[in-house]
Structure formats: C-alpha cells, structure tokens
Amino acid sequence: MNKILNYLGIARRAGFLISGTDAVIESLKGKAKLVILASDASDATKDKIVRKCFFYHVSVIDCFTTEEMSDSVGQKNNKVLSITDDGI
C-alpha cells in the first residue's frame, strides 16, 4: 500500500494528479486514467464519483483514508484524486 501512496506523490510532482471533486469529474471526460477516492468520504461524494466513473469507464480505488492520501501528496483534506497518465 505504501508503494501506491508514493506513486501519488510522484504523480503530483510530475503534474499528472488532479484533486478535488469538481476537477476530478471534469477530468473523467477524457484525461483521467484512475480515480482514488477516500474511504472516509461522504456517501454523497462516493455515490457521485462512482457513478461518473462507471459512466466514463474509469477504475476507482477506495482503500485509503483522507489522511493517508493528503500526506502522500502534500496537500490537506484530499477526498478525491485522479491520475491522468498511463505510466504512473
């Protein structure tokens, strides 16, 4: 699991990470390759993101807490992240 969190930090520094619910939803329309959703996000946020990901055929991972995700990317209170590069 720590390896995945390290890759999130690398993706952020490389410019391949998008954070925030609205920005992630916008990225689903063409750029997003993977979405990481906090396991402790609200039910409304989870429902909205999962439905959009299903519609756009993008995979979702929801096994990390908000704290773990925020620590790995160096930002506070990240509930939803998307990766926009296949190589990461």
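Chains are numbered independently. Their residues run from 1 in the order of the written sequence. Confidence filtering applies because this is a predicted model: local features only for residues at pLDDT of at least 70, side-chain atom pairs given and counted only at 80 or more, and all residues used for totals across whole chains, interfaces and linings. Calculated side-chain values reflect all of the structure's heavy atoms, with hydrogen atoms and water omitted.

Undergrad: In this structure, what is going on with the pattern of salt bridges? I would like to understand it.
TA: It is possible for side chains bearing opposite charge to pair when their charged atoms get close. Should a side-chain nitrogen of Lys or Arg be within 4 Å of a carboxyl oxygen of Asp or Glu, the pair is scored as a salt bridge. According to the stated counting rule, one finds two salt bridges in the structure shown. A salt bridge links K29 to E26; its shortest N-O distance comes to 3.5 Å. Here D47 and R51 are joined by a salt bridge, their closest N and O atoms 2.9 Å apart. A residue pair is termed a helical-turn pair when its members lie 3 or 4 positions apart in one helix, as D47 and R51 do in helix α3 (residues 43-56) at four residues. Helix and strand assignments come from DSSP, with helices taken as H or I runs of at least 4 residues and strands as E runs of at least 2, each series counted from the N terminus.

Undergrad: I would appreciate a short explanation of a negative patch on the surface in the present structure.
TA: Where like charges cluster on the molecular surface, the negative patch consists of D40, E67, E68 and D71. Given the relative accessible area of 57%, E67 is considered exposed. Think of a patch as exposed residues, more than 30% relative accessible area, with no salt bridge, where like charges cluster within 9 Å and nonpolar side chains (Val, Leu, Ile, Met, Phe, Trp, Tyr) cluster within 5 Å. Residue exposure ignores everything except the shown protein chains as possible cover, and the areas themselves are Shrake-Rupley values with a 1.4 Å probe. Under the counting rule used here, the positive set is Lys and Arg, the negative set is Asp and Glu, and His together with the chain ends is not counted. Think of each charge as sitting on NZ of Lys, CZ of Arg, CG of Asp or CD of Glu. The rule is simple: take the accessible area with a 1.4 Å probe, protein chains only, and divide by the maximum for that residue type; under 20% is buried, over 50% is exposed, in between is partly exposed.

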